[in-house]
Amino acid sequence: GNSVTQMEGPVTLSEEAFLTINCTYTATGYPSLFWYVQYPGEGLQLLLKATKADDKGSNKGFEATYRKETTSFHLEKGSVQVSDSAVYFCALSSGGYQKVTFGIGTKLQVIP
Amino acid sequence: GAVVSQHPSWVICKSGTSVKIECRSLDFQATTMFWYRQFPKQSLMLMATSNEGSKATYEQGVEKDKFLINHASLTLSTLTVTSAHPEDSSFYICSARGRRGVEETQYFGPGTRLLVL
(Lines give C-alpha, C1' and ligand atoms only; values in the text may rest on other atoms or scores of the structure.)
Protein backbone atom coordinates (compact mmCIF):
# COMPACT_ATOMS: atom_id res chain seq x y z
CA GLY A 1 0.00 0.00 0.00
CA ASN A 2 0.88 3.65 -0.02
CA SER A 3 2.95 5.16 2.74
CA VAL A 4 4.70 8.41 3.58
CA THR A 5 7.72 8.71 5.82
CA GLN A 6 8.82 12.03 7.21
CA MET A 7 11.21 13.07 9.90
CA GLU A 8 9.76 13.28 13.35
CA GLY A 9 10.07 16.53 15.17
CA PRO A 10 10.10 18.68 16.86
CA VAL A 11 12.43 20.81 14.79
CA THR A 12 13.56 23.99 16.49
CA LEU A 13 15.19 26.72 14.43
CA SER A 14 16.17 30.31 14.94
CA GLU A 15 14.48 32.94 12.83
CA GLU A 16 16.01 33.29 9.34
CA ALA A 17 17.54 29.81 9.49
CA PHE A 18 17.29 27.40 6.56
CA LEU A 19 14.64 24.71 6.83
CA THR A 20 14.58 21.21 5.37
CA ILE A 21 11.99 18.61 6.29
CA ASN A 22 12.61 15.29 4.60
CA CYS A 23 9.82 13.23 3.10
CA THR A 24 9.94 9.97 1.19
CA TYR A 25 7.08 7.91 -0.11
CA THR A 26 6.03 4.50 -1.36
CA ALA A 27 3.20 4.30 -3.82
CA THR A 28 1.90 2.39 -6.77
CA GLY A 29 1.49 4.28 -9.99
CA TYR A 30 2.08 8.00 -10.21
CA PRO A 31 0.85 9.78 -7.09
CA SER A 32 0.41 13.48 -6.54
CA LEU A 33 2.46 14.83 -3.65
CA PHE A 34 1.52 17.49 -1.13
CA TRP A 35 2.68 19.41 1.87
CA TYR A 36 -0.02 20.48 4.29
CA VAL A 37 0.43 22.83 7.23
CA GLN A 38 -1.55 22.87 10.47
CA TYR A 39 -1.18 26.02 12.54
CA PRO A 40 -2.00 25.78 16.26
CA GLY A 41 -5.72 25.44 16.79
CA GLU A 42 -6.52 25.40 13.07
CA GLY A 43 -7.34 22.85 10.39
CA LEU A 44 -5.10 21.56 7.65
CA GLN A 45 -4.19 23.91 4.85
CA LEU A 46 -2.61 22.94 1.57
CA LEU A 47 0.82 24.53 1.40
CA LEU A 48 2.02 23.27 -1.97
CA LYS A 49 1.73 20.35 -4.31
CA ALA A 50 3.30 18.64 -7.30
CA THR A 51 1.52 16.29 -9.62
CA LYS A 52 4.30 14.76 -11.71
CA ALA A 53 7.99 13.96 -11.61
CA ASP A 54 10.36 16.94 -11.55
CA ASP A 55 7.54 19.37 -10.78
CA LYS A 56 8.37 21.95 -8.14
CA GLY A 57 5.63 23.17 -5.86
CA SER A 58 6.11 26.51 -4.14
CA ASN A 59 4.17 28.84 -1.88
CA LYS A 60 4.97 31.44 0.80
CA GLY A 61 8.70 30.90 0.32
CA PHE A 62 8.43 27.12 0.76
CA GLU A 63 9.27 24.76 -2.06
CA ALA A 64 9.51 21.05 -2.74
CA THR A 65 10.50 19.08 -5.82
CA TYR A 66 8.92 15.78 -6.86
CA ARG A 67 11.87 13.39 -7.23
CA LYS A 68 10.69 10.10 -8.68
CA GLU A 69 14.16 8.56 -8.75
CA THR A 70 14.57 8.97 -4.99
CA THR A 71 10.82 8.88 -4.20
CA SER A 72 11.23 12.07 -2.22
CA PHE A 73 9.47 15.40 -1.78
CA HIS A 74 11.58 17.34 0.71
CA LEU A 75 10.25 20.67 1.98
CA GLU A 76 12.64 23.63 2.06
CA LYS A 77 12.57 27.29 2.98
CA GLY A 78 15.52 29.61 2.84
CA SER A 79 14.64 31.81 5.81
CA VAL A 80 12.03 30.79 8.34
CA GLN A 81 9.94 33.17 10.41
CA VAL A 82 8.30 32.78 13.80
CA SER A 83 4.95 32.71 12.01
CA ASP A 84 6.03 29.49 10.24
CA SER A 85 5.76 27.61 13.52
CA ALA A 86 3.28 24.81 12.82
CA VAL A 87 3.01 21.11 12.08
CA TYR A 88 3.87 20.14 8.52
CA PHE A 89 2.45 17.01 6.92
CA CYS A 90 3.80 15.37 3.80
CA ALA A 91 1.10 13.50 1.88
CA LEU A 92 0.32 11.72 -1.34
CA SER A 93 -2.83 10.90 -3.21
CA SER A 94 -3.52 8.26 -5.79
CA GLY A 95 -6.23 5.98 -7.04
CA GLY A 96 -9.68 6.63 -8.37
CA TYR A 97 -10.92 8.53 -5.33
CA GLN A 98 -7.58 10.20 -4.79
CA LYS A 99 -7.38 9.07 -1.17
CA VAL A 100 -4.76 11.03 0.71
CA THR A 101 -2.14 9.22 2.78
CA PHE A 102 -0.36 11.37 5.35
CA GLY A 103 3.00 11.24 7.02
CA ILE A 104 3.25 11.52 10.77
CA GLY A 105 3.76 15.29 10.73
CA THR A 106 6.77 17.34 11.75
CA LYS A 107 6.39 20.07 14.32
CA LEU A 108 8.42 23.16 13.53
CA GLN A 109 9.17 25.71 16.19
CA VAL A 110 10.89 28.93 15.14
CA ILE A 111 12.34 31.05 17.92
CA PRO A 112 13.12 34.76 17.62
CA GLY B 1 -11.90 32.03 3.84
CA ALA B 2 -12.93 28.52 4.78
CA VAL B 3 -14.37 26.38 2.04
CA VAL B 4 -15.20 23.38 4.22
CA SER B 5 -16.91 23.77 7.59
CA GLN B 6 -17.46 21.34 10.42
CA HIS B 7 -19.95 21.51 13.23
CA PRO B 8 -19.55 21.33 16.10
CA SER B 9 -15.93 22.36 16.54
CA TRP B 10 -15.79 20.51 19.84
CA VAL B 11 -18.11 18.29 21.81
CA ILE B 12 -18.07 16.61 25.20
CA CYS B 13 -20.45 13.73 25.77
CA LYS B 14 -21.14 10.94 28.21
CA SER B 15 -20.13 7.38 27.47
CA GLY B 16 -22.89 5.51 25.64
CA THR B 17 -24.37 8.49 23.85
CA SER B 18 -24.20 9.17 20.12
CA VAL B 19 -22.61 12.21 18.56
CA LYS B 20 -23.21 13.61 15.09
CA ILE B 21 -20.62 15.72 13.28
CA GLU B 22 -21.51 17.68 10.15
CA CYS B 23 -19.21 18.53 7.29
CA ARG B 24 -20.23 21.05 4.63
CA SER B 25 -18.59 22.28 1.47
CA LEU B 26 -19.42 25.97 1.37
CA ASP B 27 -19.06 27.10 -2.22
CA PHE B 28 -18.58 23.99 -4.28
CA GLN B 29 -20.14 20.60 -4.81
CA ALA B 30 -18.17 17.81 -3.20
CA THR B 31 -18.26 14.68 -5.29
CA THR B 32 -16.34 12.80 -2.65
CA MET B 33 -15.95 13.36 1.07
CA PHE B 34 -13.44 11.77 3.40
CA TRP B 35 -13.40 11.36 7.15
CA TYR B 36 -10.13 11.25 9.07
CA ARG B 37 -9.20 10.72 12.67
CA GLN B 38 -6.14 12.26 14.27
CA PHE B 39 -4.72 11.05 17.56
CA PRO B 40 -2.48 13.34 19.61
CA LYS B 41 0.99 13.67 18.08
CA GLN B 42 0.04 11.29 15.27
CA SER B 43 -0.91 11.63 11.68
CA LEU B 44 -4.35 11.64 10.14
CA MET B 45 -5.80 8.21 9.59
CA LEU B 46 -8.41 7.82 6.87
CA MET B 47 -11.58 6.27 8.25
CA ALA B 48 -13.88 6.22 5.23
CA THR B 49 -14.61 7.62 1.80
CA SER B 50 -18.10 8.53 0.68
CA ASN B 51 -19.77 9.64 -2.50
CA GLU B 52 -23.07 11.44 -2.60
CA GLY B 53 -25.99 9.07 -2.57
CA SER B 54 -23.99 5.88 -2.06
CA LYS B 55 -22.69 3.90 0.86
CA ALA B 56 -19.38 4.87 2.39
CA THR B 57 -16.29 2.74 1.87
CA TYR B 58 -14.58 2.10 5.18
CA GLU B 59 -10.89 1.51 5.72
CA GLN B 60 -9.75 -1.74 7.24
CA GLY B 61 -10.25 -1.83 10.97
CA VAL B 62 -12.91 0.89 11.07
CA GLU B 63 -16.26 -0.32 12.42
CA LYS B 64 -18.95 0.83 10.03
CA ASP B 65 -21.73 0.21 12.56
CA LYS B 66 -19.98 2.43 15.07
CA PHE B 67 -19.03 5.25 12.72
CA LEU B 68 -22.08 5.91 10.58
CA ILE B 69 -21.45 8.09 7.56
CA ASN B 70 -24.17 9.71 5.50
CA HIS B 71 -23.46 11.73 2.38
CA ALA B 72 -26.94 13.08 1.80
CA SER B 73 -26.10 15.80 -0.68
CA LEU B 74 -23.23 17.22 -2.69
CA THR B 75 -22.52 19.71 0.09
CA LEU B 76 -23.17 17.75 3.27
CA SER B 77 -21.76 14.66 4.92
CA THR B 78 -22.32 13.54 8.50
CA LEU B 79 -20.37 11.25 10.78
CA THR B 80 -22.24 9.75 13.72
CA VAL B 81 -20.23 8.12 16.47
CA THR B 82 -22.69 5.67 17.99
CA SER B 83 -22.52 4.57 21.62
CA ALA B 84 -19.36 6.59 22.13
CA HIS B 85 -16.73 5.43 24.59
CA PRO B 86 -13.66 7.18 26.00
CA GLU B 87 -11.42 5.48 23.44
CA ASP B 88 -13.37 7.27 20.70
CA SER B 89 -12.09 10.60 22.00
CA SER B 90 -10.13 12.09 19.16
CA PHE B 91 -9.92 14.86 16.59
CA TYR B 92 -12.15 14.12 13.60
CA ILE B 93 -11.45 15.89 10.34
CA CYS B 94 -13.48 15.82 7.16
CA SER B 95 -12.30 16.60 3.70
CA ALA B 96 -14.27 17.42 0.59
CA ARG B 97 -13.12 16.93 -2.96
CA GLY B 98 -14.69 18.74 -5.86
CA ARG B 99 -14.22 21.25 -8.61
CA ARG B 100 -13.80 24.79 -7.36
CA GLY B 101 -12.58 26.89 -10.19
CA VAL B 102 -10.53 25.20 -12.86
CA GLU B 103 -9.27 22.06 -11.22
CA GLU B 104 -10.52 19.50 -8.80
CA THR B 105 -9.03 19.93 -5.35
CA GLN B 106 -9.41 18.48 -1.89
CA TYR B 107 -10.09 20.83 1.01
CA PHE B 108 -10.01 20.03 4.69
CA GLY B 109 -12.36 21.12 7.41
CA PRO B 110 -11.09 22.65 10.67
CA GLY B 111 -11.81 19.49 12.63
CA THR B 112 -14.07 18.47 15.52
CA ARG B 113 -12.59 17.58 18.85
CA LEU B 114 -14.59 14.86 20.64
CA LEU B 115 -14.15 14.07 24.30
CA VAL B 116 -16.09 11.15 25.72
CA LEU B 117 -16.30 11.03 29.49
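An account of the accompanying structure is given in this report. (Residues numbered from 1 in each chain as written. Chains lettered and ligands numbered in written order. Predicted model: local features only at pLDDT ≥ 70, side-chain atom pairs only at ≥ 80, totals over all residues. Heavy atoms only, no water.)

Brief notes about the sheet that holds strand β8 (residues 62-65) of chain A
Residue and element names in this part refer to chain A.
Consideration 1: Spatially, β3-β9-β8-β7 is the arrangement adopted by the 4 strands of the open sheet, whose pairing is antiparallel. In this open sheet, the two strands that pair with only one neighbour each are β3 (19-21) and β7 (56-59). Direction aside, neighbouring strands of the sheet carry axes that sit 15° apart on average.
Consideration 2: Two strands pair when backbone bridges link them, and β8 and strand β9 (residues 75-77) are joined in this way by 3 bridges, in the antiparallel orientation. The residue bridging glutamate 63 from the neighbouring strand is glutamate 76, located in β9. (Pairing = 2+ DSSP bridges. Helix = DSSP H or I, 4+ residues; strand = E, 2+ residues; numbered from the N terminus. Axes fitted to C-alpha atoms, helices over the stretch in contact; angles between N-to-C directions.)

Quick notes on the environment of A:Met7
Consideration 1: Within the secondary structure layout, A:Met7 lies in the loop between β1 (3-6) and β2 (11-14).
Consideration 2: When residues no more than four places from it in sequence are discounted, the contact partners of A:Met7 are A:Thr20, A:Ile21, A:Asn22, A:Gly105 and A:Thr106. (Contact = heavy atoms within 4.5 Å.)

Quick notes on the nonpolar core
Residue and element names in this part refer to chain A.
Consideration 1: Trp35, Leu47, Leu48, Phe73, Leu75 and Tyr88 are the most contacted members of the largest nonpolar core, which has 26 residues in total.
Consideration 2: Put simply, the parts of the chain that give this core at least two residues each are β2, β3, β4 (23-26), β5 (32-38), β6 (44-50), β8, β10 (86-94) and β12 (106-111).
Consideration 3: Broken down by element, the residue count for this core peaks at 4 residues, all from β10. (Core = buried A, V, L, I, M, F, W, Y, C linked by side-chain atoms within 4.5 Å. Buried < 20%, exposed > 50% of the residue type's maximum accessible area, 1.4 Å probe, protein only.)

Comments concerning the pattern of salt bridges
Consideration 1: Evaluated as defined, the whole model comprises 6 salt bridges over all chains.
Consideration 2: For A:Glu63, the salt bridge identified is with A:Lys56, shortest N-O distance 3.6 Å.
Consideration 3: Note on A:Glu63: relative accessible area 31%, which makes it partly exposed.
Consideration 4: In this structure, B:Lys66 and B:Asp88 form a salt bridge, with 2.9 Å as the shortest nitrogen-oxygen distance. With a gap of 22 residues between them, B:Lys66 in the loop between β6 (57-58) and β7 (67-73) and B:Asp88 in the loop between β8 (76-81) and β9 (90-99) connect regions that are remote in the sequence. Neither B:Lys66 nor B:Asp88 differs from the other in exposure class; each is buried. (Salt bridge = Lys/Arg side-chain N within 4 Å of Asp/Glu carboxyl O.)

A word on the pairing of β7(A)
Residues and elements named next belong to chain A.
Consideration 1: Direction of pairing for β7 relative to β8: antiparallel, over a ladder of 4 bridges. The residue bridging lysine 56 from the neighbouring strand is threonine 65, located in β8.
Consideration 2: A loop of 2 residues connects β7 with β8, the two strands running antiparallel in sequence, and lysine 60 in this loop sits at a positive phi of about 55°.

Points about the state of the cysteines
Consideration 1: In the structure shown here, the tally under the stated rule is 2 disulfides over all chains.
Consideration 2: Across the disulfide from A:Cys23 sits A:Cys90; the S-S distance is 1.9 Å. In this structure, the disulfide formed by A:Cys23 and A:Cys90 twists by about -70° around the S-S bond and is classed as left-handed. Placement of the pair is A:Cys23 in strand β4 and A:Cys90 in strand β10, with a sequence separation of 67 residues. When sorted by exposure, A:Cys23 lands in the same class as A:Cys90, which is buried.
Consideration 3: Across a sulfur-sulfur distance of 2.0 Å, B:Cys23 and B:Cys94 are joined as a disulfide pair. Disulfide B:Cys23-B:Cys94: the torsion about the S-S bond is 75°, which places it as right-handed. (Disulfide = S-S within 2.5 Å.)

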